[in-house]
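Summary of the model geometry
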Amino acid sequence: MEQSPLGRTLVIANPAASSGKGAQAAEFVGRFLDAYPAATRAHKLIYTQGPLDAVRLAREARGVDTVVALGGDGVIHEVVNGLMERPRADRPNLAIIPMGSGNDYARTLGMEMNNPSASLSQLVSGRIEQVEVGRVNQSYFMQTLSFGLDAAVALDTVDRRQAKTSQEGEELFITSCLKIFSRSSKGWRCNASFDGGKIEQLRSIIFAMQVGPTYGGGFKICPDASPTDGLLDTCYNVKNPPAAWTLALVGSARFGLHTHSSCVKMRRFSHADLTFESEPPCQMDGERLVAKRFVVDVVPKALSVVMPRA
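Residues numbered from 1 in each chain as written. Predicted model: local features only at pLDDT ≥ 70, side-chain atom pairs only at ≥ 80, totals over all residues. Heavy atoms only, no water.

**Considering the nonpolar core**
Applicable threshold: Joining through side-chain atoms within 4.5 Å is the link that ties buried Ala, Val, Leu, Ile, Met, Phe, Trp, Tyr and Cys residues into a set, and such a set is a nonpolar core. Here's how the labels work: a residue is buried when its accessible area is under 20% of the maximum for its type, exposed when over 50%, partly exposed in between, all with a 1.4 Å probe on protein chains only. Throughout, a contact is declared for two residues whenever any of their heavy atoms are within 4.5 Å.
Of all hydrophobic cores here, the largest spans 48 residues; its most connected members are Leu70, Val79, Leu94, Ile96, Tyr105 and Leu303. With sequence-adjacent residues up to four places away left out, Val79 is seen in contact with Ile12, Ala54, Ala58, Val67, Ala69 and Leu94. Residues Leu149, Ala208, Leu274 and Ala291 belong to the second largest nonpolar core, which totals 43 residues.

The structure is reproduced here in structure tokens:
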């Protein structure tokens, strides 16, 4: 049997994740690690108390080999930002136990979702892989950064989850799409350049930048995105079809079929500079970001992540 890669482990758990199931999952993880000492060299479990608490806990974690983020993409985002505030040589490994509604980073890593027993099994028998993160205006994202109507949809899903909606995943994303798109928009004017190239003048409706393939609970917005290729992937509209067509285009992203449309452009890049005429809706991993200018870079091999074996 392969030795567990976790070593000295700190589990940072969001007890409110998945409508309170995060607390149950954390209790299970604590009991499991107590019962199976071979899983770690030592372990500690800490619950977050509020927003940004996981950033501080990850930043200040000392004497640990691995920080495990237990919860949805929100707490993972905070842990990643806390780890990225540390020098690379002093940065513990990252592992996740996904207990969220969207779980897009879990999809990227191949982790079992909302099943702490299965996730723990993957981690203790896992491997460590070097993965990139994205950086925007000195903050970091581990999965997605988006602008425009799809960002407005993503932010609406976050708000509705916090309001304890009964909808989850794809159903939640689609109903938010209907709500936001019914208001219609002509887009947000933007000047964009990639890797120092020619400035493109856009009227952005859909504009997503990805580390991994999916956002919105499994929508394959950049189907070929990989967290280990040292590049970010982007999908953005280059035409502005009627609202009904745009909604259908977003719907086709569930299976990555939008990539065949002449309305969108797909590309890979390491650096981008975007300036909007007015502040667009913007989200990174579901967190709001307010600005008019966005400087985006990839940080290759930024994190050592515990992933399942093939």
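**Quick word on the sheet that holds strand β10 (residues 206-210)**
Note the threshold: For two strands to pair, DSSP has to find at least two bridges joining them. The numbering of helices and of strands both runs from the N terminus, where a helix is a DSSP run of H or I of at least 4 residues and a strand a run of E of at least 2.
The strand order across the open sheet built from 6 strands is β12-β11-β10-β7-β14-β15, with neighbouring strands paired in antiparallel fashion. At either margin of the open sheet sits one strand with a lone partner, and together these are β12 (264-269) and β15 (287-288). As defined by bridge partners, strand β11 (residues 232-237) adjoins β12 across 6 bridges and the pair is classed as antiparallel. Opposite Tyr236, over in β12, you have Lys265 as the bridge partner.

**A short note on the pairing of strand β9 (residues 200-204)**
Here β9 shows a buried face lined by Glu200, Leu202 and Ser204 and an unburied face lined by Gln201 and Arg203. Sheet analysis places strand β8 (residues 188-194) next to β9, joined by 5 bridges and oriented antiparallel. Paired with Trp188 across the strands is Ser204, a residue of β9. Following β8, the chain reverses through 5 residues before pairing antiparallel with β9; Asp195 in that reversal takes a positive phi of roughly 50°.

**What to know about the packing of aromatic side chains**
Operational definition: Aromatic pairing here means that ring centres of Phe, Tyr or Trp (its six-membered ring) are within 6.5 Å. Orientation follows from the plane angle: under 30 degrees is stacked, over 60 is edge-to-face, and everything else is tilted.
Counted according to the given criterion, the structure contains 9 aromatic pairs. Aromatic pair Phe194 and Tyr236: ring centres 5.6 Å apart, planes at 15°, arrangement stacked. Placement of the pair is Phe194 in strand β8 and Tyr236 in strand β11, with a sequence separation of 42 residues. With relative accessibility at 5%, the residue Phe194 sits in the buried group. When the ring of Phe276 is compared with that of Phe294, the centres are 5.8 Å apart and the planes differ by 85°; the resulting orientation is edge-to-face. Of this pair, Phe276 sits in strand β13 (residues 271-276) while Phe294 sits in strand β16 (residues 293-307); the two residues are 18 residues apart in sequence, bridging distant segments of the chain.

Everything listed is a geometric property; what it means functionally is a separate question.
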